[in-house]
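Structural overview
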Amino acid sequence: MGRAGPPPDRGGPARRALRRAGARSRGPTRTGFNGVPCYRPDPDWMVPGRYLAFDEPLDAVVGSARGDLAHALRLTGEIDFTVAGRRQSLLASAAEDGRLSVLFSDRTNGDTTAAWRSLSVAPPSGDGAVVLDFNRAQNLPCAFTEFGTCPKPVDANALSVAVTAGEQRPQRPH
């Protein structure tokens, strides 16, 4: 077998990292992990919406959990819905299998939930109908470690309501 070529040019100096298991695998962050607290499932947080695909994908550059890193997101459409009596919308990215992926923030962030969360949405029906099941909102890896490089949501994905559903902020052992 041939060797892999050089890493792709990302416009800056190459940075390499090495992760060691050993002593770290016995550290308090791993051994003191007690699971991820979650809100109790609530059918009221299974919200119908409508996905409208953009004519052309929108490329957005967003920050990350690390101040020195940015991410590029390819946004393919917008999901409109009403929750807690308020009209909301979220910009989404479509995967090859048709599932939609959303990064969002809401009024619980930094209190009972992590700084932002993600939501996977089943592919829209032919007329664009979707169900946003916020009971399945998940933390990204950056909620568990300060070494996470997770992308932030686009500013437009800040919901004006408290989403009291899905995963809560994990407790980090001291």
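Being a predicted model, the structure only gives us computed values, none of them experimental.

What counts and how
- For every chain, the first residue of the written sequence is number 1, and numbering continues from 1 onward in sequence order.
- Local features in a predicted model are, by the rule used here, given only for residues with pLDDT of at least 70; side-chain atom pairs are given and counted only at 80 or more, and totals for whole chains, interfaces and linings are based on all residues.
- To obtain the side-chain values, all non-hydrogen atoms of the structure were used and water was disregarded.
- Only DSSP runs of H or I with at least four residues qualify as helices, and only runs of E with at least two residues qualify as strands; both kinds are numbered from the N terminus onward.
- Only protein chains enter the accessibility calculation, which uses a 1.4 Å probe. A residue is then buried if its area is under 20% of the maximum for its type, exposed if over 50%, and partly exposed in between.
- Contact criterion: two residues are considered in contact whenever any of their non-hydrogen atoms come within 4.5 Å of each other.
- Two strands make a pair as long as DSSP finds a minimum of two bridges between them.
- Within 6.5 Å between ring centres, the rings of Phe, Tyr and Trp (the latter by its six-membered ring) count as paired, and their orientation is classed by plane angle as stacked under 30 degrees, edge-to-face over 60, tilted in between.
- Residues enter a nonpolar core if they are buried and are Ala, Val, Leu, Ile, Met, Phe, Trp, Tyr or Cys, with the set joined through side-chain atoms within 4.5 Å.
- Salt bridge, as applied in this entry: a Lys or Arg side-chain nitrogen positioned within 4 Å of an Asp or Glu carboxyl oxygen.

For the rest of this paragraph, the subject is the overall build of the protein chain. For the protein chain, the count of helices and strands is one helix and seven strands. Listing the helices and strands of the protein chain from first to last along the sequence gives α-β-β-β-β-β-β-β. For the protein chain, the proportion of its 174 residues judged to be buried stands at 34%. The long-range fraction of contacts in the protein chain, counting pairs at least 24 apart against all pairs at least 6 apart in sequence, stands at 66%.

What follows deals with the pairing of strand β1 (residues 46-62). Along any regular strand, the residues point their side chains to alternate faces of the sheet. Pairing between β1 and strand β6 (residues 129-133): five bridges, direction antiparallel. Opposite P48, over in β6, you have V131 as the bridge partner. Where β1 lies against strand β2 (residues 71-83), ten bridges are found, and the strand directions are antiparallel. Paired with V62 across the bridge in β2 is H71.

This part is about the sheet that holds β1. Strand order in this open sheet of seven strands is β6-β1-β2-β3-β4-β5-β7, and the pairing throughout is antiparallel. Every other strand in the sheet has two partners, leaving β6 and β7 (138-139) as the edge strands with one partner each.

In the structure shown here, the tally under the stated rule is three aromatic pairs. When the ring of W45 is compared with that of F134, the centres are 6.0 Å apart and the planes differ by 80°; the resulting orientation is edge-to-face. Note that W45 is positioned in the loop between α1 (28-31) and β1 and F134 in the loop between β6 and β7, a separation of 89 residues in sequence. Owing to a relative accessible area of 0%, F134 belongs among the buried residues under this scheme. Aromatic pair F104 and F134: ring centres 5.5 Å apart, planes at 80°, arrangement edge-to-face.

For A84, which is not glycine, the phi torsion reads 50° and is therefore positive. For A84, a relative accessible area of 62% gives the class exposed.

Turning to the pairing of β2, a few remarks are in order. Two elements, β2 and strand β3 (residues 86-94), share seven bridges in a ladder whose sense is antiparallel. Looking at the pairing, G77 lines up with A92 of β3. In this antiparallel pair of consecutive strands, β2 and β3, the connection spans two residues, and A84 shows a positive phi of 50°.

Moving on to the nonpolar core. Grouped together as the largest cluster of nonpolar side chains are 21 residues, with contacts concentrated most on I79, F81, F104, L132 and F134. Listing elements by their share of this core, those giving two or more residues are β1, β2, β3, β4 (100-104), β5 (117-121) and β6. Core analysis: the second largest hydrophobic core is formed by eleven residues, A60, L73, W116 and L140 among them.

Inspection of the entire model under this criterion finds five salt bridges. The partner of R50 in a salt bridge is D127, with the nearest N and O atoms 3.3 Å apart. Note that R50 is positioned in strand β1 and D127 in the loop between β5 and β6, a separation of 77 residues in sequence. For R50, a relative accessible area of 40% translates into the label partly exposed. Residue R117 is joined to D106 by a salt bridge in which the shortest nitrogen-to-oxygen separation is 3.1 Å.

None of the figures reported here should be taken as evidence of function without further support.
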